[in-house]
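Descriptive analysis of the structure
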Amino acid sequence: LVGSTGWAENNEALVSKAIAYLNVDTAVSGHELWGGGTYALRDIFQSAAMLVDAPDGGHLTPSRPWEPIGSGSAYAVFLDHFWVASLDFSFERTGRGGKSAQYGQYHSVYDSFDWMDKFGAGDELGGVQGKAFEYMQATARLWGLMALRMADAKVLPFNHSAQAEVLGQWQAELGAVE
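Worth saying up front: this structure is predicted, and the values here are computed from it rather than measured. (Residues numbered from 1 in each chain as written. Predicted model: local features only at pLDDT ≥ 70, side-chain atom pairs only at ≥ 80, totals over all residues. Heavy atoms only, no water.)

Examining the pattern of salt bridges
Stated formally: Criterion for a salt bridge: a side-chain nitrogen of Lys or Arg within 4 Å of a carboxyl oxygen of Asp or Glu. Helix and strand definitions here come from DSSP, where helices need a minimum of 4 consecutive H or I residues and strands a minimum of 2 consecutive E residues; each element is numbered from the N-terminal end. Relative accessibility thresholds used throughout: buried, under 20% of the residue-type maximum; exposed, over 50%; partly exposed, between the two (1.4 Å probe, protein chains only).
Within this structure, the stated rule accounts for 5 salt bridges. D56 is the salt-bridge partner of K131, the closest N and O atoms lying 3.3 Å from each other. A residue pair is termed long-range when its members are at least 10 positions apart, and K131 in the loop between β5 (126–127) and α6 (132–152) and D56 in the loop between α3 (42–49) and α4 (75–81) qualify at 75 residues. Under the relative-accessibility criterion, K131 is labelled partly exposed at 22%. Overall, the relative accessible area of 46% leaves D56 in the partly exposed class. Note that E134 and K131 form a salt bridge whose closest N and O atoms lie 3.6 Å from each other. For E134, a relative accessible area of 34% gives the class partly exposed. One salt-bridge network, held together by shared partners, links D56, K131 and E134.

Some words on the sheet that holds strand β2 (residues 32–37)
The condition that has to hold: When DSSP finds two or more bridges between two strands, those strands count as paired. Lines fitted to the C-alpha atoms define the axes, with helices restricted to the stretch that makes contact. Angles between their N-to-C directions range from 0 to 180 degrees. Whether two residues touch is decided by their heavy atoms; if any such pair falls within 4.5 Å, the residues are in contact.
Spatially, the 3 strands line up as an open sheet ordered β1-β3-β2, and their pairing is mixed. For this open sheet the edge positions go to β1 (21–23) and β2, each flanked by a neighbour on one side alone. Across the sheet, the axes of successive neighbouring strands diverge by a mean angle of 15 degrees, strand direction being ignored. Here β2 runs beside strand β3 (residues 86–92); their pairing, made up of 6 bridges, is antiparallel. Bridging from a neighbouring strand, E32 pairs with E92 of β3. Relative to β3, α6 is tilted by about 160 degrees, and along the sheet it contacts β1, β2 and β3.

Observations concerning the packing of α3 against α6
Defined as follows: Small angles under 35 degrees read as roughly parallel and large ones over 145 as roughly antiparallel, with 65 to 115 read as roughly perpendicular and the rest as oblique. Crossing handedness follows the turn of the near helix against the far one: under a right angle anticlockwise gives a left-handed crossing, and clockwise gives a right-handed one. Throughout this entry, Asp, Glu, Lys and Arg are counted as charged residues, while Ala, Val, Leu, Ile, Met, Phe, Trp, Tyr, Cys and Pro are counted as nonpolar. The remaining residues, Gly among them, count as polar.
Two elements in contact, α3 and α6, have axes separated by 9 Å at closest approach and are oriented at 125 degrees. Taken together, the axis directions place α3 and α6 in an arrangement best described as oblique. As for the relative orientation of α3 and α6, their crossing is right-handed in sense. Residues I44, F45, S47, A48 and A49 of α3 pack against L142, L145, M146, R149 and M150 of α6. Residue composition of the contact of α3 with α6, by class: 8 nonpolar, 1 polar and 1 charged.

Some remarks on the packing of helix α5 (residues 113–120) against α6
With their axes 7 Å apart at the nearest point, α5 and α6 run at an angle of 95 degrees to one another. As the angle between them shows, α5 and α6 are arranged roughly perpendicular. Each of F113, M116, D117 and G120 in α5 lies in contact with α6, whose residues at this interface are A132, F133 and M136. Within the contact of α5 with α6, the residues separate by chemical class into 5 nonpolar, 1 polar and 1 charged.

Overview of the nonpolar core
Threshold: Among buried residues, the Ala, Val, Leu, Ile, Met, Phe, Trp, Tyr and Cys ones that are joined through side-chain atoms within 4.5 Å form a nonpolar core.
Within the largest apolar cluster, 30 residues are counted, with the highest numbers of intra-cluster contacts made by L33, F45, L60, L87, L142 and M146. Of all the elements in the fold, those that place two or more residues in this core are α3, β3, α5, α6 and α7 (160–176). Among the elements that take part in this core, α6 stands out by supplying 6 residues, more than any other. Beyond its immediate sequence surroundings of up to four residues, L33 is in contact with F45, A49, L60, T61, P62, S63, R64, F89, S90, F91 and L142. If you look at the next biggest cluster of nonpolar residues, it comprises 6 residues, including V15, V77, F82 and V84.

Right under this line is the structure:
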């Protein structure tokens with residue numbers, strides 16, 4: 001976070017012109033597509049996913065509902081400090097107890113092509129072994145399609161109504177807290 005925060009603060013003139021920040025922290029650790037972020041970006045993510053071929057046939061489909069993001073990755077400075085609409089997505093896998101399995105090799109010397117090929121998108125607990133690089137291709141296609149749609153749009157494909165709706169829900173939830 002220090003690097004992205006420092007970069008954004010030192011390049012405020014560029015960041016102030018940004019329309020969105022598309023983050024992919026851990027592209028592939030399984031085969032289940034997950035996305036979250038600013039609710040204004042939810043629809044572009046979902047519609048773009050439907051146009052990208054899935055490695056195992058059909059088209060990409062998110063495995064769970066859109067979720068808010070807040071901090072913990074490079075998007076934090078763009079979202080929380082500069083108020084740039086942001087999203088994060090990845091392919092994950094469900095581990096024991098139905099929770100998202102962690103990617104154990106992240107930022108380590110053990111993260112290799114061989115490891116990714118054998119275990120990156122699956123292991124004995126589930127997922128799809130031997131398909132990690134196909135899921136990385138799908139990640140790049142999805143990211144690229146969203147970027148092109150925003151870059152070429154005469155009107156940005158943001159759903160501000162979805163953002164306003166969720167903010168209203170959160171306000172009501174906070175109002176109910178005693």
